[in-house]
Amino acid sequence: MALLTCENVSVGYEGKPVAEAITFAVNPKDYLCIVGENGSGKTTLMRTILGLLPPLSGKMTLEEGVRHHIGYLPQQSPVQRDFPASVREVVLSGCLSRGRGPFFTRAQKALADKNIARLNITKIANHCYRELSGGQQQRVLLARALCAADKMLLLDEPAAGLDPQITQEMYDLIGDLNQSGLTIIMITHDVGAAIRNASHILHVSRTPLYFGESEGYAQSPLGSAFLKEANP
Amino acid sequence: MNTGGIWETLGFYLSYPFVQYALIVGVLVALSASLLGVVLVLRRLSYIGDGLAHVAFGAMAIATVLNFSNNMLLVLPITILFSILLLHGGRRVKIQGDAAIAMMSVGALAIGYILFNLFPPKGGNVSGDVCTTLFGSTSILTLSQEEVWLSIGLGFVVVVLFVLFYNRVFALTFDGEFAAATGMRTGLYNAAVAVVIATVISLAMNLVGSLLISALLVFPALSAMRVYKSFRSVVICAAVFGVTAALVGIVASILAGTPVGATIVAADIAGFLLFSLLGALKGKK
Ligand SMILES: Nc1ncnc2c1ncn2[C@@H]1O[C@H](COP(=O)(O)OP(=O)(O)O)[C@@H](O)[C@H]1O
Ligand SMILES: [Mg+2]
């Protein structure tokens, strides 16, 4: 049974479609990369999957009960410039879907600490979030997403604005997470990395141009052209 | 006046029940306003607080004209209604949400003022009533028993709700999209925040009057943010700051014979300057 299926889905804002006729399925342990031009509707599609936007038409089904087991790393936005929050507070907020009580339980705090350690940010756990570098902030938000994700992790351009070495570390980490059983849906600009890492590719344009296994994509005329364009 | 004289005067006033009520209500209102103010400031919604305060003024005028025994019974529901409309509709009204709020807020002021003039309350004088509603001049010292208990009850509920939902308030304020994506019913919580904010503003009408309410909301949060950098410490500091400023303001106004609301705001300003200085010193280290 697929975790997520989209049949002929259109996504967009206020009745105006951005991308149309999208059909694909995500099975447990898949690693799907969504690629495409800027403004082609990748983020819009991801927000629709997350239930933040309604699909304009078509059928999108998320397996029963998965909603509370999804983690999300949003596209970086310059929000919250002066927000007072410590790293630990931000990561802990990812544990909210793990419990119903008003206060965090010991298990929730342990989960936060585990993910803080996993992302190597223990030393800065009490620092102020807004004073960190871009790469560090991205790690904090990934730790938060991991607290919420025990079935599926959605990442919107996790490597945007990171230097090459940190980017590689990020991809390795996401690969490890996938190996350990987490289903991944990731938006990326880096087609080369997508083909190397992912099991499936969805190429979004006004309409989707390709959905299938990663290897087939590299060989397809579209994929090889896009690959050449991205890595001249 | 020597110091002994001040304490004697203070003790003399404190023995009056109406002064005690003023202090209790003042502390609770300031506490709940500072807590909610942190949320408003961080979500860039301070101007909505200001607009709602003006709506509360219009509602107060209607209540006065209709001769309500307890004005709060009308002010509270009207303010809650507008709060939900603004905080919910705000995102949907695409064009000039802020201009719509400015329009509504001066509209409520004007209509309220006209009502006060057309139907002057029995035995009162128009300018006195308007002044009281705008600046809260002495009204906190003339609260009826019923109003005192209503204020205490509502203030208490607001503070308890804030503590119980603290973690969710943080998640919603820091990143509402993430909270919604991971299954939090953000629509429901946003509506709850709108109701609580309207409640705090209606309560604060009695303490400082409608023009000065924003001060109770934003000064504690902004001052705390000058010095502290985690959400928890900002919330705690804002709460302590707001309560202290209210107490200092009320006591100073009694001793100096100045209007209560304006004196509290003056204490807020002094505190803000102090915290800005502390923040600058801390930054240099
Ligand atoms: N909140 C919004 N309201 C209306 N249109 C939007 C909104 N956000 C994005 N868009 C539009 O939708 C299109 C797709 O955007 P997006 O999904 O962010 O693209 P991508 O992530 O593929 O770069 C763009 O043309 C953008 O202008
Ligand atoms: Mg995008």
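Scroll up a little and you will see the structure.
Residues numbered from 1 in each chain as written. Chains lettered and ligands numbered in written order. Predicted model: local features only at pLDDT ≥ 70, side-chain atom pairs only at ≥ 80, totals over all residues. Heavy atoms only, no water.

Caption draft 1: Molecular detail of the overall build of chain B. Assigned secondary structure in chain B consists of 13 helices and 0 strands. Of the regular secondary structure in chain B, the N- to C-terminal order runs α-α-α-α-α-α-α-α-α-α-α-α-α. For chain B, with 285 residues in total, the buried portion stands at 54%. Counting contacts in chain B only where the partners sit at least 6 residues apart, residues at least 24 apart contribute 76% of the total. (Helix = DSSP H or I, 4+ residues; strand = E, 2+ residues; numbered from the N terminus. Buried < 20%, exposed > 50% of the residue type's maximum accessible area, 1.4 Å probe, protein only. Contact = heavy atoms within 4.5 Å.)

Caption draft 2: Representation of the coordination of the magnesium ion (ligand 2) in the model. All names here are of chain A. Summarising the metal site, the magnesium ion (ligand 2) is bound by the protein donors Thr43 (OG1) and Gln75 (OE1), whose distances to it range over 2.0 to 2.6 Å. Taken together, the residues span a long stretch of sequence, with Thr43 in helix 1 (residues 42-49) and Gln75 in the loop between strand 5 (70-73) and helix 2 (87-93) at a distance of 32 residues. Given a relative accessible area of 34%, Gln75 falls into the partly exposed group. (Donors = N, O, S within 2.8 Å, 3.2 Å for Na, K, Ca; no water.)

Caption draft 3: Seen up close, the environment of Val163 of chain B. Residues and elements named next belong to chain B. By the element assignment, Val163 lies in helix 7 (residues 145-164). By relative accessible area, Val163 is classed as partly exposed at 42%. Here the alpha-carbon distance between Val163 and Leu35, two residues 128 residues apart in the chain, equals 9.6 Å.

Caption draft 4: Highlighting the interface of chain A and chain B. Contacts between the two partners involve 35 residues from chain A and, on the opposite side, 27 residues from chain B. For the pair chain A and chain B, the two sides together bury roughly 2,600 Å², of which 59% comes from carbon and sulfur. Across the chain A-chain B interface, the total number found is 3 salt bridges. At the junction of chain A and chain B, the tally comes to 10 residue pairs in polar contact (both at pLDDT 80 or more). Of all the secondary-structure elements, those providing two or more residues to the side of chain A that touches chain B are strand 5, helix 2 and helix 4 (134-148) of chain A. Among the elements that line the side of chain A that touches chain B, the one with the most residues is helix 4 of chain A, at 4 residues. The residue inventory of the side of chain A that touches chain B, partitioned by class, reads 18 nonpolar, 8 polar and 9 charged. (Buried area = accessible area lost by both parts, 1.4 Å probe. Salt bridge = Lys/Arg side-chain N within 4 Å of Asp/Glu carboxyl O. Polar contact = N/O pair within 3.5 Å; in protein donor to acceptor, adjacent residues only side chain to side chain. Nonpolar A, V, L, I, M, F, W, Y, C, P; charged D, E, K, R; others polar.)

Caption draft 5: Spotlight on the side chain of Arg47 of chain A. In this structure, Arg47 of chain A sits in helix 1. When its relative accessible area of 16% is taken as the criterion, Arg47 of chain A is described as buried. Within the structure, the side chain of Arg47 of chain A is placed 2.2 Å from the side chain of Glu177 of chain B, a separation counted as a polar contact. Beyond its immediate stretch of four places on either side in the chain, Arg47 of chain A contacts Tyr13, Leu52, Leu53 and Tyr72 of chain A together with Glu177 of chain B.

Caption draft 6: Quick peek at the sheet that holds strand 2 (residues 16-26) of chain A. Residues and elements named next belong to chain A. Taken together, the 3 strands give an open sheet; going across it, the order is 2-1-4, and neighbouring strands pair in antiparallel fashion. The open sheet terminates on both sides in strands that have one partner only, identified here as strand 2 and strand 4 (57-62). Going across the sheet, the axis of each strand differs from the next one's by a mean of 35°, ignoring polarity. In this sheet, strand 2 lies alongside strand 1 (residues 4-13) in antiparallel orientation, the contact comprising 7 bridges. Bridging across to strand 2, Leu4 finds its partner in Val26. Along the sheet, helix 1 makes contact with strand 1, strand 2 and strand 4, crossing strand 1 at roughly 120°. (Pairing = 2+ DSSP bridges. Axes fitted to C-alpha atoms, helices over the stretch in contact; angles between N-to-C directions.)

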